[in-house]
Amino acid sequence: MPTDITIQIAPEEIEKEEVWKRIAARKLRVRSSEITHHQLLRRSIDARGRKPKYVLRMRLWMGEPIDIGKVGSFPLQNVSQKPPIHIVGFGSAGVFAALECIRQGYKPIVIERGKDVRARRRDLAQLTRHGEVNPESNYCFGEGGAGTFSDGKLYTRSTKRGDTQRVLETLVQFGADPDILIDAHPHIGTNKLPGIIQNMREAVIEAGGEVRFSTKLTDIRYDSSGIKAIQLNGGEWESVKHLILATGHSARDIFELLHRREILIEAKPFALGVRVEHPQGIIDQIQYHVQGSRSEFLPAASYSLVQQVDAKGVYSFCMCPGGIICPAATAPGEIVVNGWSPSKRNSPYANSGMVVEVGLNEMRDPIQDPLAGMKLQQMVEQATFNAGGGKQVAPAQRLYDFVKGKTSQSLPTCSYIPGLNSVEMGDVLPQFIHRRLQGGFKAFGKKMKGYLTNEALVVATESRTSSPVRIPRERDTFAHPQLANLYPCAEGAGYAGGIMSAAIDGQKCVRAAIGQPTSIK
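The structure displayed is predicted, hence computed values, not measured ones.

Here we look at the pairing of strand 8 (residues 226–232)
The buried fraction of strand 8 is high, at six of seven residues. In terms of strand pairing, strand 7 (residues 217–223) meets strand 8 through six bridges, oriented antiparallel. Bridging from a neighbouring strand, L217 pairs with L232 of strand 8. What sits between strand 7 and strand 8 in their antiparallel hairpin is a turn of two residues. Relative to strand 9 (residues 237–239), strand 8 runs antiparallel, the two sharing three bridges. Following the sheet pairing, I230 is matched in strand 9 by E238.

In structure tokens form, the structure reads like this:
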């Protein structure tokens, strides 16, 4: 039987496999020559001591047959004449739902309001360079969804490793670096993920599925037995048997449509705040305990922070080492900022969302108005736009000035291309958000010496961390309680958060629709 072992090595030895083998042999009290093969299972960094170390989880074979699992190819079959399943949205959940349909022998028909990845690039360029928002094609809407052009981090709190491993292996099958199978915090990068998503779409079409871009769900027709038909682009109606609703957390028109059609939705807690950007060197020095530049063998350092202020969580979200802040609004007259990193994480900046929990008690009448959280979110984004002055120029403030409530006389250089306008954030953000962020930053400055500095920048507003609306579904069937063939899915329905969990939820919704167990192995 193979033996699993965990070892620690210095960063400069990370590429020297003979050193790994020697350290492992010493720990097992065997000769290196007795180890006939080794496989790396997991790689992470432990930076808690004075010197950071790589932690490697390895599997070793000693004088016995080698049995290493390999990632195979995606199982294509012709589903063009098979029963259809309609999927609204081609983000992470929609992509993996479509692939699961093919695995299970069903024909996916994907309805996507946005454009394919290549056409999306042009709209994102217009947004970034000229501040022009296309409400149907932006960082949130289009092929691959929000994750395609905003990083491709593959983190999840899911404890079901079988589910996550299947998603990771699928990504590798379509072109992702196999390192995502072993890294503790796998990351693809915005420069690479679009090509992988395109490969997935081509596989769906090759198998006989359909992916319809620039096609928007505009109405729903239903009776007591379930959804009967959907209207597309305000015109034609199309019959449906199963409808998976995977529209993402920013499809406000879908929430409004469901509410108008008296299909049950609920206000839910979400989070709202800002993006904070430091020079990457500051974060490296804090996390790696170094003076000057980090070792060339270490990646750009990251962090994760959380603090209770006024009995509410203030926490980091979507931390992007070596990253860039981008404009992510989905409608004119609003400002939303997000962050992403290229695969090499080689930007001179580190940014992270810093957000505050927004409970139902902070919304206006959330019981009577299920859109109350969405309206609060929208109000803050519009106030931020006005404070910036237009063209996606974002209001900003130096971090220490933010804590002190002082308008910054100047702003440091920043990765946010549309530009910045110096403001006092207390005049822009809701008072309870501003106060809790101030308290959170003070605490973070104590936890990470050097974090609370005026070399860092606060940029508003980070408001799309999760959906402010939940579309309810039954625990066992995944179906909406009113409509037996409607399957609310992933982030837009309030049941996932990020690429991995959304992908898993997309797979589970397909299995639920066809009456299969939702556990995935």
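Here the narrative resumes, following the displayed structure.
Topic: the environment of Q81
Summarising the element assignment, Q81 is placed in the loop between strand 3 (53–61) and strand 4 (84–88). You can call Q81 exposed: its relative accessible area is 74%. Taking the C-alpha atoms as reference, Q81 lies 7.3 Å from K107; in sequence the two are 26 residues apart.

A few points about the sheet that holds strand 22 (residues 486–488)
Taken in spatial order, the five strands of this open sheet run 6-5-4-10-22, and their pairing is parallel. The two strands at the open ends of the sheet, each matched to only one other strand, are strand 6 (210–212) and strand 22. The average undirected angle you get between the axes of adjacent strands in this sheet is 15 degrees. Bridge analysis of strand 4 against strand 10 (residues 243–245) gives three bridges, and the strand direction is parallel. Bridging across to strand 10, H86 finds its partner in L243. In this fold helix 2 (residues 92–104) packs onto strand 4 and strand 5 (107–111), with an angle of close to 170 degrees to the strand it touches most, strand 4.

Some thoughts on a positive patch on the surface
There is a patch of like positive charges on the surface, built from K404, K442, K446 and K449. With respect to the element layout, K449 can be found in the loop between helix 10 (431–447) and strand 20 (457–462). Under the relative-accessibility criterion, K449 is labelled exposed at 64%.

What about the nonpolar core?
Counting residues in hydrophobic clusters, the biggest one holds 61 residues, and the most contacted among them are L171 and M200. If you list the elements that add at least two residues to this core, you get strand 4, helix 2, helix 3 (117–130), helix 4 (161–173), helix 5 (193–206) and helix 12 (499–513). Counting residues per element, this core draws most heavily on helix 12, which supplies nine residues. Leaving out residues up to four positions away in the same chain, M200 has contacts with V95, F96, L99, T170, L171 and F174. The next biggest cluster of nonpolar side chains, apart from the first, holds 58 residues, and it includes I5, A267, A387 and L437.

Some points on the sheet that holds strand 8
Strand-to-strand pairing in sheets goes through backbone hydrogen bonds, with the strands running parallel or antiparallel. Strand order in the open sheet formed by three strands is 7-8-9, and the pairing between neighbours is antiparallel. Strands at the two margins of the open sheet, each flanked by one partner only, are strand 7 and strand 9. For this sheet, the mean inter-axis angle between neighbouring strands, taken without regard to orientation, is 30 degrees.

Description of helix 6 (residues 252–260)
Looking at helix 6, one finds that the buried residues are R252, I254, F255, L257 and L258. Looking at the buried positions of helix 6, the neighbouring elements they touch are strand 7, strand 10, helix 8 (372–388), strand 21 (469–470) and helix 11 (490–493). Just beyond helix 6, the residue with positive phi is E262, at close to 60 degrees.

A few points about unusual backbone geometry
Of note, the bond from A460 into T461 is cis; its omega dihedral lies within 30 degrees of zero at 0 degrees. Note that T461 resides in strand 20. Backbone geometry at E262 places phi at a positive 60 degrees, although glycine is not the residue there. On the basis of relative accessible area, E262 is assigned to the exposed category, the value being 66%. You will see that C318, though not glycine, has its phi angle at about 55 degrees, which is positive. When you line up the elements, C318 lands in strand 14 (residues 312–320).

Quick word on helix 1 (residues 17–28)
Over its 12 residues, helix 1 extends 17 Å from the first C-alpha to the last, a length consistent with the 16 Å expected when each residue adds 1.5 Å. Listed in full, the buried residues belonging to helix 1 are V19, W20, I23, A24 and A25. With its phi angle positive at about 60 degrees, R29 sits one or two positions after the end of helix 1.

With respect to the environment of G208
Note on placement: G208 falls in the loop between helix 5 and strand 6. What makes G208 buried here is its relative accessible area of 17%. Spatially, the C-alpha atom of G208 lies 11 Å from that of G105, the residues being 103 residues apart in sequence. Sequence-distant contacts of G208, that is, excluding residues within four places in its chain, are made with V79, S80 and K107.

Each value, and the rule that gives it
Residues numbered from 1 in each chain as written. Predicted model: local features only at pLDDT ≥ 70, side-chain atom pairs only at ≥ 80, totals over all residues. Heavy atoms only, no water. Buried < 20%, exposed > 50% of the residue type's maximum accessible area, 1.4 Å probe, protein only. Helix = DSSP H or I, 4+ residues; strand = E, 2+ residues; numbered from the N terminus. Pairing = 2+ DSSP bridges. Axes fitted to C-alpha atoms, helices over the stretch in contact; angles between N-to-C directions. Contact = heavy atoms within 4.5 Å. Patch = residues over 30% accessible without salt bridge, like charges linked within 9 Å, V, L, I, M, F, W, Y side chains within 5 Å. Areas by Shrake-Rupley, 256 points an atom, 1.4 Å probe, with all protein chains shown as cover. Salt bridge = Lys/Arg side-chain N within 4 Å of Asp/Glu carboxyl O. Lys, Arg positive; Asp, Glu negative; His and termini not counted. Charge placed at Lys NZ, Arg CZ, Asp CG, Glu CD. Core = buried A, V, L, I, M, F, W, Y, C linked by side-chain atoms within 4.5 Å. Expected span 1.5 Å × (residues − 1).

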